[in-house]
Amino acid sequence: MNKSRPESAKLFYRTRHGRIFLGDSLAVFRDEITPQSVDLIMTSPPFGLLRKKDYGNVAADKYIEWFRPFAEAFRRALRPHGSLVIDIGGSWIQGQPTRSLYHYELLVMLCRECGFHLAQEFFWWNPARLPTPAEWVTVRRIRVKDAINCIWWLSPTPWPKASNRRVLQPYSESMKELLVKGYKPKMRPSGHDISNKFGTDNGAAIPPNLLALAHTESNSLYIRYCRDHGIKPHPARFPVDLPEYFIRMLTDAQDFVVDPFAGSCVTGEAAEKTNRKWICCELVPEYVKGALGRFQPGRRAEYKTPKVTEGQVENFYRAFKPGLMWNGADEALLPKDGGAKRMARKGTSSGSMIKYKSDEEKPTQMKLLESQTAYGTKKRGMKKTDID
């Protein structure tokens, strides 16, 4: 761990509510943020992936030591009833189809060593994520695609400031029908005693801790700004709806939000949109240059939250029930070696790769995977469409 004093970060841009700093976020916490002044730290740090990225990720086996000084700075900066929300993806152990525990070890360290409480774990499901890692998922077919990021919601107290009334979702059609026909109070087989209050129409439903957000941004104002100015977009941004969800649930207007691993400043955009004071900090100059596309004059009109109309209520992502494609008959026997040896495909020898004469012959999915591999994934360390 580098214990040297970080150089001061430079103020790069200022908006009506927030500031962007270029440099080490530890310097920002030291020089710009007073103790117990932050209401929410909302961030997605570099993930502990195998491959080195342009944004300088840290290996999984060194991740906890690397993160520890940031954890200490976060603990000092947060108000007693503030929150720390970390979006973090998993990683695979090199050369084998098993998962690293680094992000769970991080959670344990934050709670046992730094005094944080785990308020709740969330899971971000990205329905648009590609089926990776390809070797285990699409070639050997021994794992399913990894489409979930963990989101740790922590706080210095067991009682952080929060309200789920800020993030309600529309009732399902079945719930609407129940409200019309009524519900008879009874004891469920699980032992839960459902009272007559269950049939009360509260206007909306309490959401689960599974957030379904497809990461499909391709022609946003930010992307167009980067394209027009010759800037490479940040390769792994989370959707603005993700930080906005937690900002609305955990803070009030004019509260103070910080993102120490800001990338293209998505958190800053969400905070600006919801009238929170904010600071974003990023090490890579190109990323903060592109971030200016999120704060162009005249964009305020786009920040009005559209109302959900009746016709839009069914526009949700749906998770298929397991077993829908099973017809009752078992297929070929499972490989006894667990897939350690590649199975031969038709027209190939055992363990060989299928060869194509040209890119045109390759399946479309393979082209997408290869282009994603070449493009990379996360800011200073790996993210949403993790292909390692």
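This text follows the structure it describes.
This write-up is about the structure you can find in this document. These numbers were taken from a predicted model, which means no experiment stands behind them.

Now for the overall build of the protein chain. Tallying secondary structure elements over the protein chain gives 10 helices and 11 strands in all. Expressed as a percentage of the 388 residues in the protein chain, the buried residues total 45%. Within the protein chain, contacts between residues at least 6 apart in sequence are counted, and of these 73% link residues at least 24 apart. When the accessible area of the protein chain is evaluated, it comes to approximately 21,900 Å², of which 54% is carbon and sulfur surface.

Of note, the bond from T132 into P133 is cis; its omega dihedral lies within 30 degrees of zero at -5 degrees. Along the chain, P133 turns up in the loop between β5 (117-125) and α4 (134-139). With a phi close to 60 degrees, R141 is a non-glycine residue in the positive phi region. Within the secondary structure, R141 sits in the loop between α4 and β6 (148-155). A positive phi angle, close to 60 degrees, is found at N275, a residue other than glycine. Turning to its location among the elements, N275 is positioned in the loop between α8 (266-273) and β11 (277-282). Looking at N275, the relative accessible area reads 28%, which means it is partly exposed.

With that settled, consider the packing of aromatic side chains. Scanning the entire structure with this criterion turns up 17 aromatic pairs. Seen in terms of ring centroids, W66 and F67 are 6.0 Å apart; in terms of plane orientation they differ by 65 degrees. Their pairing is edge-to-face. Aromatic pair F67 and F70: ring centres 6.3 Å apart, planes at 55 degrees, arrangement tilted. One end of the pair, F67, and the other, F70, are both in helix α2 (residues 63-77), three residues apart, so they sit about a helical turn from each other.

Moving on to the nonpolar core. Of all hydrophobic cores here, the largest spans 35 residues; its most connected members are I33, F67, F74, I88 and L110. Put simply, the parts of the chain that give this core at least two residues each are α1 (25-31), β3 (38-43), α2, β4 (78-88), α3 (102-112), β6, β10 (256-259) and β11. No other element matches the eight residues that α2 contributes to this core. Discounting residues that sit within four places of it in the chain, L110 has contacts with F67, A71, I86, G115, F116 and L154.

What follows deals with helix α7 (residues 241-250). Counting buried residues in α7 gives eight out of 10 residues, a clear majority hidden from the surface. Residues L242, P243, E244, Y245, F246, I247, M249 and L250 constitute the buried set of α7.

We now examine the pattern of salt bridges. Close approach of charged atoms allows side chains of opposite charge to pair. Taken as a whole and judged by the stated rule, the model has 17 salt bridges. The salt bridge partner of D61 is K62, with a shortest N-O separation of 3.9 Å. Pair check on accessibility: D61 and K62 agree, each one exposed. Overlapping salt bridges, with partners in common, bring together D39, R79, K161, R166, D252 and D255 in one network.

Time to look at the packing of α2 against α3. At a minimum axis distance of 10 Å, the contact between α2 and α3 shows a crossing angle of 35 degrees. Both α2 and α3 take part in a crossing whose hand is right-handed. Residue-level inspection shows Y63, I64, F67, R68 and A71 of α2 in contact with α3, the latter providing Y102, E105, L106, M109 and L110.

Positionally, T274 belongs in the loop between α8 and β11. Since its relative accessible area comes to 11%, T274 is described here as buried. Excluding residues within four positions of it along the chain, T274 makes contact with E244, I247 and R248.

Moving on, we get to α2. Under the 1.5 Å per step criterion, the end-to-end length of α2 is 21 Å for 15 residues, consistent within 8% with the ideal 21 Å. At P69, α2 shows its maximal bend, which comes to roughly 30 degrees. On the buried face of α2, the contacting elements are α1, β3, β4 and α3.

Here we come to the environment of I206. Relative to the helices and strands, I206 is located in the loop between β8 (193-194) and β9 (210-212). On a C-alpha basis, the gap between I206 and Y171 in space is 8.9 Å, while along the polypeptide they are 35 residues apart.

Let us look at the pairing of β3. Burial analysis of β3 places six of its six residues in the buried class, the great majority of the element. Pairing geometry for β3 and β4, over five bridges, is parallel. Across the sheet, M42 pairs through a bridge with V85, a residue of β4. With two bridges joining them, β3 and β10 adopt parallel strand pairing.

A separate point is the sheet that holds β4. Strand order in the open sheet formed by nine strands is β1-β2-β11-β10-β3-β4-β6-β5-β9, and the pairing between neighbours is mixed. Only two strands of the sheet have a single neighbouring strand rather than two, namely β1 (10-14) and β9. Shown here is a sheet whose adjacent strand axes are inclined to one another by a mean of 20 degrees, direction ignored. Strand direction decides the pairing type here: β1 and strand β2 (residues 18-22), joined by four bridges, are antiparallel. Bridging from a neighbouring strand, K10 pairs with L22 of β2. The strands touched by α7 within the sheet are β3, β4, β5, β6, β9 and β10, with β3 carrying the most contacts at an inclination of about 160 degrees.

The rules we used
- Residue indices begin from 1 for each chain and proceed along its sequence in written order.
- Where local features are concerned, this predicted model is filtered to residues with pLDDT of at least 70; where side-chain atom pairs are given and counted, the filter is 80 or more; whole-chain, interface and lining totals use all residues.
- Side-chain numbers come from the whole structure's heavy atoms, not from hydrogens or water.
- Numbering of helices and strands starts at the N terminus; helices are DSSP runs of H or I of at least 4 residues and strands are runs of E of at least 2.
- Using a 1.4 Å probe on the protein chains alone, a residue whose accessible area is under 20% of its type maximum counts as buried, one over 50% counts as exposed, and one in between counts as partly exposed.
- Should any heavy atoms of two residues lie within 4.5 Å, those residues are counted as being in contact.
- Per-residue and other accessible areas were derived by the Shrake-Rupley procedure at a 1.4 Å probe size, with only the shown protein chains allowed to occlude residues.
- A pair of Phe, Tyr and Trp rings is counted when the ring centres sit within 6.5 Å of each other, with Trp represented by its six-membered ring. The angle between the planes then sorts it: under 30 degrees is stacked, over 60 is edge-to-face, the rest tilted.
- Remark: nonpolar core denotes a set of buried residues (Ala, Val, Leu, Ile, Met, Phe, Trp, Tyr, Cys) joined through side-chain atoms within 4.5 Å.
- Think of a salt bridge as a Lys or Arg side-chain nitrogen and an Asp or Glu carboxyl oxygen that are within 4 Å of each other.
- Comment: axis = line fitted to C-alpha atoms, over the contacting stretch for helices; angle = value between 0 and 180 degrees taken between N-to-C directions.
- Put simply, a crossing is left-handed when the front helix is turned counterclockwise from the back one by less than a right angle, and right-handed when it is turned clockwise.
- For a helix, the expected span equals 1.5 Å multiplied by the number of residues minus one.
- In this scheme, the bend at a residue equals the angle between the axes fitted to the seven residues that finish there and the seven that begin there.
- Any two strands between which DSSP finds at least two bridges are classified as paired.

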